[in-house]
Amino acid sequence: RKLGRNYWRLWTASVISNFGDGLALVAYPWLASAITRSPIHLAGVAIATRLPWALFSLPAGVITDRVDRRKLVGWMDSFRFALTLGVAVLIALGADAFADPAALADGTATPPSNQIWWLAMLYGSALLFGSAEVLRDNAAQTLMPSVVEPDQLERANGRLWGAEMVMNSFVGPPLAGVFLAVSLALPFFIDSLTFLVSAVLVLSIAGDFRTEKAKQALKEKVDWWGEIKEGVKWLWGHSLLRPLAIILGILNAVYSMTFATYVFFVQEILGLSASQFGLLMTAGALGGIGGSFLASKISERLGSGTSLFAAIGVMTIQQLLIGLTSSALVVWSAFFVGTFAVVVWNVITVSLRQQIIPDKLLGRVNSVYRFFAWGMMPIGSLIGGIIVAVTESTSGSRELALRMPFYVATVAMVGIFIIALPRLGTTKLEAARAAAQVTE
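Residues numbered from 1 in each chain as written. Predicted model: local features only at pLDDT ≥ 70, side-chain atom pairs only at ≥ 80, totals over all residues. Heavy atoms only, no water.

Caption draft 1: Fine view of the packing of helix α5 (residues 115-147) against helix α16 (residues 362-375). Following both chains from N to C, one finds α5 and α16 inclined at 130°, their axes separated by 9 Å at the closest point. When the axis of α5 is compared with that of α16, the two are oblique. For the pair α5 and α16, the crossing hand works out as right-handed. When α5 is examined against α16, the residues Asp137, Asn138, Gln141, Thr142 and Pro145 are found in contact with a partner set consisting of Leu362, Gly363, Asn366, Ser367 and Arg370. For the contact of α5 with α16, the residue count by class is two nonpolar, six polar and two charged. (Axes fitted to C-alpha atoms, helices over the stretch in contact; angles between N-to-C directions. Helix = DSSP H or I, 4+ residues; strand = E, 2+ residues; numbered from the N terminus. Parallel < 35°, antiparallel > 145°, perpendicular 65-115°, else oblique. Left-handed = near helix turned anticlockwise from the far one by under 90°. Contact = heavy atoms within 4.5 Å. Nonpolar A, V, L, I, M, F, W, Y, C, P; charged D, E, K, R; others polar.)

Below, the structure written as structure tokens:
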């Protein structure tokens, strides 16, 4: 059965914007590393990007359930276009201020004299970008069940995740390395255009994507706390989604902890250039493609709960391997298997949420879920920066400091597996799906 024209427009918009995200995945940390070598400052950029998930996730859910979700996605992509274009222009005008990251690392160059201004620009743009991302992503996930039939959600999400991973991790990062060799500003200009194209495509999707509640409440005063409370109460009272949200929050904090200073690890431990960094990130695309296309089959063969346990186990091995090696090939392989596991987890859990949360509450419950899941990211980034800074100051070893987040992550992942084991069994997941169908 065909997924339909609206789905493919949403798919195309997501693929194009994820190409831009793939460029940003390399361009933003590389820009930060040309300004500072401080793990705290570098972590600060990651914190600013993810802090909006802690601050605005809950009100974002209220907004999503009261407006046309398609228009909200389009508006936020338009805002991200304007913001990223502004950043690109600033970088182009101030190109002479930046130092070569390798020269900064070995002490043969000094940070730009206006370092504080550039860091403030990075923090500010990251905070604004993250705020738009909160609204955009929450609305996009709640849009999918209105575009395809419930029994097609795993298939539709799998195709979407696979294509997004190709652009985000396979096409975007290597090209970002090539563009950075031409100009530090070039990947940011191209990134901005991807958001513009995405906005046009999303806004061209036919239909009205407001809930019945939204249509009835257009002229009503928004009871922000009451509506947020309704979403919180529903999720917190759900015996499956509550532990799932908490576990995902801890997982995301762990990954954010290791990624906070990851560009320093790549430059100083692996010794890679910008183009090589981009090639390293292609592992995520290949692993993600495999995970997206095989997730539903793995879930059917092993059971959804067992598949989630296996995914956590693979993620644990990934962290340990990266922490122990100085080989880019080993890191590439670890990213391949780790991203495969992450996408299997995402396809199963996102589809589950879309199946069991009532449509009238989908925006708010998703926002509460993501408050736990994504709100932990800035905390993880802060912890990662602190771990590197403290380890370096106490041991005197920069190498040990850059490896330490991966060792801490390995221990934390073992703890996550122990927590998840009695709570996410296949029987419990299938019972939740069956209960949702009975309620409908």
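Caption draft 2: Representation of the pattern of salt bridges within the structure. All told, the structure shown has nine salt bridges when counted by the stated rule. Its salt-bridge partner being Asp77, residue Arg80 comes within 2.8 Å of it at the nearest N-O pair. Residue Arg80 and its partner Asp77 are located together in helix α3 (residues 69-93), separated by three residues, close to a single helical turn. Between Arg433 and Glu430 there is a salt bridge; the shortest N-O distance is 2.7 Å. Here the residue Arg433 and the residue Glu430 both occupy positions in helix α19 (residues 426-439), the gap between them amounting to three residues, near one helical turn. (Salt bridge = Lys/Arg side-chain N within 4 Å of Asp/Glu carboxyl O.)

Caption draft 3: Here's a closer look at empty space enclosed by the protein. All told, the structure shown has two cavities of 30 Å³ or more when counted by the stated rule. What the second largest cavity holds in volume is close to 40 Å³. Looking at the second largest cavity, the residues that line it are Tyr255, Thr258, Phe259, Tyr262, Gln318, Gln319, Ile322, Phe335 and Phe406. Taken together, the elements giving at least two residues each to the lining of the second largest cavity come down to α10 (241-259) and α14 (304-324). A per-class count over the lining of the second largest cavity returns six nonpolar, three polar and no charged. (1 Å grid on protein atoms, 1.4 Å probe; cavity = no way out; pocket = protein on both sides within 12 Å on 5 of 7 lines; lining within 4 Å. Points joined across faces, edges and corners; volume = space filled by probe spheres on them.)

Caption draft 4: Structural view of the layout of surface pockets. Empty space within the second largest pocket amounts to approximately 280 Å³. Forming the boundary of the second largest pocket are 16 residues, of which Trp30, Ala99, Asp100, Pro101 and Ala274 lie nearest the centre. Elements represented by at least two residues in the lining of the second largest pocket include exactly α4 (101-106) and α6 (153-182). Its residues assigned to classes, the lining of the second largest pocket comprises eleven nonpolar, four polar and one charged.

Caption draft 5: Spatial organisation of the side chain of Thr391. Relative to the assigned elements, Thr391 resides in helix α17 (residues 377-395). A polar contact is formed between the side chain of Thr391 and the backbone oxygen of Ile387, at a distance of 2.7 Å. Residues within four places of Thr391 in sequence aside, it is in contact with Gly396, Leu400, Ala401 and Met404. (Polar contact = N/O pair within 3.5 Å; in protein donor to acceptor, adjacent residues only side chain to side chain.)

Caption draft 6: Seen up close, the environment of Thr12. Mapped onto the fold, Thr12 is located in helix α1 (residues 5-33). With 397 residues separating them in the primary sequence, Thr12 and Ala409 have C-alpha atoms 35 Å apart.

Caption draft 7: Focus on the packing of aromatic side chains. According to the stated counting rule, one finds 17 aromatic pairs in the structure shown. Ring geometry for Tyr262 and Phe265: centres 6.2 Å apart, planes at 15°, overall stacked. Here Tyr262 and its partner Phe265 are both found in helix α11 (residues 262-269), three residues apart, which amounts to about one turn of the helix. With respect to class, Tyr262 is no different from Phe265; both count as buried. (Phe/Tyr/Trp six-rings, centres within 6.5 Å; stacked < 30°, edge-to-face > 60°. Buried < 20%, exposed > 50% of the residue type's maximum accessible area, 1.4 Å probe, protein only.)

Caption draft 8: How the structure looks around helix α18 (residues 398-420). Taking 1.5 Å of rise per residue, 23 residues should cover 33 Å, and α18 covers 34 Å from first to last C-alpha, within 8% of that figure. Along α18, the helix axis deviates most sharply at Met404, where the bend reaches about 35°; the proline Pro405 sits within four residues downstream. Taken together, the buried positions of α18 are Arg398, Ala401, Leu402, Arg403, Pro405, Phe406, Ala409, Thr410, Met413, Ile416 and Ala420. (Expected span 1.5 Å × (residues − 1). Bend = angle between axes of the 7 residues up to and from the residue.)

Caption draft 9: Representation of α1 in the model. The first and last C-alpha atoms of α1 sit 42 Å apart over 29 residues, in line with the 42 Å expected at 1.5 Å per residue. The sharpest bend along α1 measures roughly 30° and falls at Ala24.

Caption draft 10: Spatial organisation of the nonpolar core. Membership of the largest hydrophobic core comes to 58 residues, with the highest contact counts inside it found for Leu251, Met315, Trp345 and Leu424. Considering every element that reaches this core, the biggest residue donor is α10, with nine residues. By size, the runner-up hydrophobic cluster in this structure holds 51 residues, among which are Leu31, Ala34, Val266 and Leu280. (Core = buried A, V, L, I, M, F, W, Y, C linked by side-chain atoms within 4.5 Å.)

Caption draft 11: Molecular detail of the packing of α1 against α11. Running from N to C, α1 and α11 point in directions that differ by 70°, and their axes come no closer than 9 Å. Between α1 and α11, the angle is such that the two are roughly perpendicular. Counted together, Pro29, Trp30 and Ser33 of α1 and Val263, Phe264 and Gln267 of α11 form the full contact between these two elements. Here the residues of the contact of α1 with α11 are counted per class, giving four nonpolar, two polar and no charged.

Function-wise, these values are silent; they only describe arrangement.
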